[in-house]
Amino acid sequence: MQIEAFYDALALVFTVQTMFWLLIGVFLGVGLGAIPGLTASTGIALMLPLSFTLDITGALGLLIGLYKGAVFGGSISAISFATPGAPDSAATVYDGYKLTKKGKGRKAILTALYSSVTADTASDIVVILVAPTIALLALQFGPTERLWLMVVAITLLGTLSGRHLAKGMLSAGIGLFLGTIGADPVSNVARNTFGQDWLRDGIHLVPLVIGIFAMSQMLDQGLELLRKTRKGQQVEKSTKDLFGKSSEGLTFREYLSCWREMGIGIGVGTFVGALPGLGATVAAFMSYGIAKQAFPEKKIGEGSIHGIAAAEAGNNATVGPTLVPLLAFGIPGSATAALIGAALILQGITPSPRMFSLHAEVIYALFIILILGNFANLGIGRMFAFVYARLGQVPGEVLVPIIMVMAVIGAFAARGDPADVYMMLGLGFLGFLMRRVGIPEAPLVITFLIAPLLEENLRRALLINRGDWGGALFGSALGIGLAGFAVLVLVITFRMNVGNRLAQIGHEEDKNGK
Amino acid sequence: MSNWWRSNQAIGLYLVLIIGALFAYIWFQPWTHRIMRDGFLLGMMPMMGLGLMLLCAAAMLADPLRRETPEPLQDARPSDAWLPVVMLGGVALCFWAMARLGFVLAAPPFLLAFMLWFGLRPVRLAILLAIVVPAVVFAFFTTLGVRLPRGVLAGFF
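Residues numbered from 1 in each chain as written. Chains lettered and ligands numbered in written order. Predicted model: local features only at pLDDT ≥ 70, side-chain atom pairs only at ≥ 80, totals over all residues.

### Quick notes on the overall build of chain A
The secondary structure content of chain A amounts to 24 helices and 2 strands. Taken over C-alpha atoms, the radius of gyration comes to 22 Å for chain A, in line with the 24 Å a tight globule of 514 residues would show. When the backbone C-alpha atoms are referred to their principal axes, chain A occupies close to 75 × 50 × 45 Å. Counting all 514 residues of chain A, 64% fall into the buried class. Expressed as a percentage of contacts within chain A between residues at least 6 apart in sequence, the contacts between residues at least 24 apart total 79%. (Helix = DSSP H or I, 4+ residues; strand = E, 2+ residues; numbered from the N terminus. Rg over C-alpha atoms; globule rule 2.2 N^0.38 Å. Buried ≥ 20, exposed ≤ 12 C-beta atoms within 10 Å, placed from the backbone. Contact = placed C-beta atoms within 7 Å.)

### A word on the overall build of chain B
When you go through chain B residue by residue, the secondary structure sums to 5 helices and 0 strands. Taken from N to C terminus, the helices and strands of chain B fall in the order α-α-α-α-α. Taken over the C-alpha trace, chain B has a radius of gyration of 24 Å; the compact-globule value for 157 residues is 15 Å, which it surpasses by more than 25%. Once the C-alpha set of chain B is aligned to its principal axes, its extents read approximately 55 × 55 × 25 Å. Summarising the internal contacts of chain B: among those between residues at least 6 apart in sequence, 59% fall at separations of at least 24.

### Observations regarding the interface of chain B and chain A
Every contact between the two is made by 50 residues of chain B and, on the other side, 51 residues of chain A. Those elements that provide at least two residues to the side of chain B that touches chain A are α2 (44–62), α3 (79–101), α4 (103–118) and α5 (123–144) of chain B. Looking at which element gives the most residues to the side of chain B that touches chain A, the answer is α2 of chain B, with 11 residues. Looking at the side of chain B that touches chain A residue by residue, the class counts come to 41 nonpolar, 5 polar and 4 charged. (Nonpolar A, V, L, I, M, F, W, Y, C, P; charged D, E, K, R; others polar.)

### Let's talk about the packing of α4 of chain B against α5 of chain B
All names here are of chain B. At a minimum axis separation of 8 Å, α4 and α5 run at an interaxial angle of 145°. Note that α4 runs across α5; the crossing there is right-handed. Taken together, the residues of α5 that come into contact with α4 (itself represented by Phe103, Val104, Ala107, Pro108, Leu111, Leu112, Met115 and Leu116) are Val123, Ala126, Ile127, Leu129, Ala130, Ile131, Val133, Pro134 and Phe138. Of the residues belonging to the contact of α4 with α5, the class tally is 17 nonpolar, no polar and no charged. (Axes fitted to C-alpha atoms, helices over the stretch in contact; angles between N-to-C directions. Left-handed = near helix turned anticlockwise from the far one by under 90°.)

### Side note on the confidence of the model for chain A
Overall, the prediction assigns chain A a mean pLDDT of 86, with 92% of residues at 70 or greater. Considering only residues more than four positions removed or in separate chains, one finds that residues 229–237 of chain A, a stretch of pLDDT under 50, has 11 contacts. (pLDDT = per-residue confidence, 0-100.)

### Here we look at the packing of helix α9 (residues 205–227) of chain A against helix α21 (residues 442–464) of chain A
For any two helices packed against each other, one specifies the inter-axial angle together with the distance between the axes. All names here are of chain A. The interhelical angle for the contact between α9 and α21, taken along N-to-C directions, is 170°, at an axis separation of 10 Å. With respect to their mutual orientation, α9 and α21 come out roughly antiparallel. From α9, Leu208, Val209 and Ile212 reach across to α21, where they touch Leu444, Val445 and Phe448. Its residues assigned to classes, the contact of α9 with α21 shows 6 nonpolar, no polar and no charged. (Parallel < 35°, antiparallel > 145°, perpendicular 65-115°, else oblique.)

### Side note on the domain arrangement of chain B
Domain boundaries in chain B define domain 1 (4–73) and domain 2 (79–153). Just the C-alpha atoms count here: the centres of domain 1 of chain B and domain 2 of chain B sit 37 Å apart. (Domains from an automatic or database assignment.)

### Things to note about the environment of Ser357 of chain A
Looking at the secondary structure, you find Ser357 of chain A in helix α17 (residues 355–358). C-alpha of Ser357 of chain A to C-alpha of Val189 of chain A: the two residues are 168 residues apart in sequence and 32 Å apart in space.

### Side note on the environment of Phe14 of chain A
You can see Phe14 of chain A is positioned in the loop between α1 (3–13) and α2 (16–34). For the pair formed by Phe14 of chain A and Ile368 of chain A, sequence separation is 354 residues and the distance between their alpha carbons is 9.5 Å.

### Some remarks on helix α7 (residues 143–160) of chain A
Over its 18 residues, α7 of chain A runs 25 Å from end to end, which matches the ideal 26 Å to within 8%, given 1.5 Å per residue. By the criterion of burial, α7 of chain A is predominantly enclosed, with 18 of the 18 residues buried. (Expected span 1.5 Å × (residues − 1).)

### Some words on the nonpolar core
Among the nonpolar cores identified, the biggest contains 225 residues, and Leu63, Val209, Ile210, Ala407, Val408 and Val445 of chain A are the most heavily contacted of them. Considering every element that reaches this core, the biggest residue donor is helix α18 (residues 360–391) of chain A, with 17 residues. Summarising the domain contributions, this core has at least three residues from each of domain 1 (4–73) and domain 2 (79–153) of chain B. (Core = buried A, V, L, I, M, F, W, Y, C linked by C-beta atoms within 7 Å.)

### Section: α21 of chain A
Residues and elements named next belong to chain A. The end-to-end C-alpha distance of α21 is 33 Å, a good match for the 33 Å that 23 residues give at a rise of 1.5 Å each. Along α21, the largest kink reaches about 40° and is centred on Ile450; proline Pro452 follows within four residues of it. Burial of α21 is extensive: 17 of the 23 residues sit out of reach of the surface. Immediately beyond the C-terminal end of α21, within one or two residues, lies Arg466, with a positive phi of roughly 50°. (Bend = angle between axes of the 7 residues up to and from the residue.)

Here it is, written out as structure tokens:
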């Protein structure tokens with residue numbers, strides 16, 4: 001451990017500014033998560049331009065705090081109105097809403113909060129212990145291995161991001177194509193600009209993420225509002241129960257009684273979170289399903305705090321591990337990790353295994369922020385969760401136009417270039433079309449980020465091997481192994497229809513829940 | 001058969017045509033075949049991206065999910081195509097006005113129009129929010145040091 005770097009990190013993190021932005025991030029995140037339809041990715045995409053104005057620890061505090069808060073926040077509306085704030089919290093609805101109907105909404109929200117924070121902290125500790133070791137291994141990789149590692153990541157993302165393999169890979173293809181617009185990363189020669197000079201610098205990351213994640217979602221919700229298909233909230237008065245002091249809370253004994261479910265959530269969430277492409281929704285449903293099968297006597301699915309503990313521990317335990325591929329290999333494993341990686345890039349720090357030696361203080365600061373974020377989540381969740389429950393009732397008619405304006409400001413504020421705003425609108429429409437036809441967005445954004453690295457490593461491998469493609473691609477045993485693994489993932493996913501099976505986990509639970 | 005045009009197979013066909021046209025366009029660009037000093041073809045990565053897209057779109061024509069219709073398209077109407085375009089047009093118009101009149105003057109009419117269009121009632125609530133929200137947003141970003149377009153009010157701030 002580099003002690004000096006650690007002290008530097010402490011000095012960077014324990015400042016009023018960083019603490020302030022961490023608290024703001026969690027505060028915004030829990031609120032954002034509590035609003036149905038707004039996800040952590042939307043929030044981080046909108047906050048990305050704001051992070052430029054902050055120093056590195058302030059930016060990390062804001063974004064990581066927002067991410068942690070949003071994953072927990074989703075459970076608030078899932079418990080209060082049976083409407084999950086994000087898909088990650090869908091598994092919480094089964095038991096959470098039943099408890100609310102029994103007048104035990106307060107107990108349900110507190111279970112969600114404590115199990116989220118416990119699992120998040122435990123998985124963060126695993127990240128802190130594991131990531132540096134993996135990064136040390138990754139430092140031994142040459143361009144050929146790095147190239148194939150990226151291909152493996154793209155393949156995993158494309159195949160596991162949705163139930164339709166072809167659509168997941170298509171999304172990755174769009175990202176790769178968009179990532180090549182502008183000057184090529186090695187020779188700096190313009191290409192793929194469609195004759196437009198303003199495209200010479202390529203598509204900037206901020207308009208891309210705001211367009212794909214935020215604007216496309218607002219177009220979707222705007223259309224839903226215009227078609228009036230939105231179902232009315234069923235239990236308006238139930239939030240009153242949450243505020244009432246007479247409502248039953250959660251005892252320490254009850255919290256401890258959930259240790260097995262939280263353990264399942266921590267194990268499943270940590271593993272799933274570290275794999276590219278799966279994400280918090282799969283983790284929540286998997287740990288919920290395992291806990292339900294393992295402990296039938298606990299009546300999970302019938303309004304049990306144990307079901308909430310399993311689901312919430314499962315989704316929150318993915319938060320830290322989702323950063324492992326980003327920190328250890330420089331390859332983001334999820335959309336949110338890609339956005340945090342983008343924030344690092346915009347601060348002048350390229351996520352890679354070399355970051356552990358070049359910017360050790362930033363890595364330590366990130367680790368400290370990961371842990372502190374849980375305390376902030378606990379404090380803010382404990383104080384405001386019941387107030388946030390009302391946020392879920394803010395009508396879409398108000399939210400959608402406001403977020404559209406915020407998206408415009410975000411796209412413009414990043415570089416002050418009007419072209420970015422029009423680019424964001426165009427990409428928003430592309431994202432909307434992708435949503436309509438069921439093409440996942442995450443592989444696009446991640447492949448867009450990886451594309452220049454992929455090309456750099458391919459060209460470097462070719463240079464080292466004096467233009468010999470065979471040597472550049474298959475010059476090492478590890479390279480061949482990784483290439484074989486990528487092909488194996490594709491074949492297994494196609495033959496066993498893995499994406500469809502993962503998507504079915506949620507649907508089956510849905511049916512059982514009803 | 002009447003709903004075939006919404007199926008994955010149909011979407012695959014539209015995509016094959018669009019991506020195929022784009023592929024042809026890129027293929028005939030002079031830069032695509034330019035060989036760089038390190039021997040790398042300049043157009044290789046864009047062609048790889050397009051090739052992957054084309055392959056996946058073609059796979060949609062024949063894969064096991066080809067007959068399925070994506071959920072959001074099951075009850076799609078023609079208005080689903082043009083309403084988002086109108087929304088984007090409104091946002092673009094708002095930004096165009098923002099650059100000339102400034103954020104504080106351009107955002108309220110946009111917010112009011114969109115809130116009413118989406119069905120927010122009573123009207124006085126929409127008016128109140130349309131005035132208060134931009135003022136708060138402007139104050140927030142100005143405090144953080146982010147310069148929002150000031151337009152004709154540049155002299156006052």
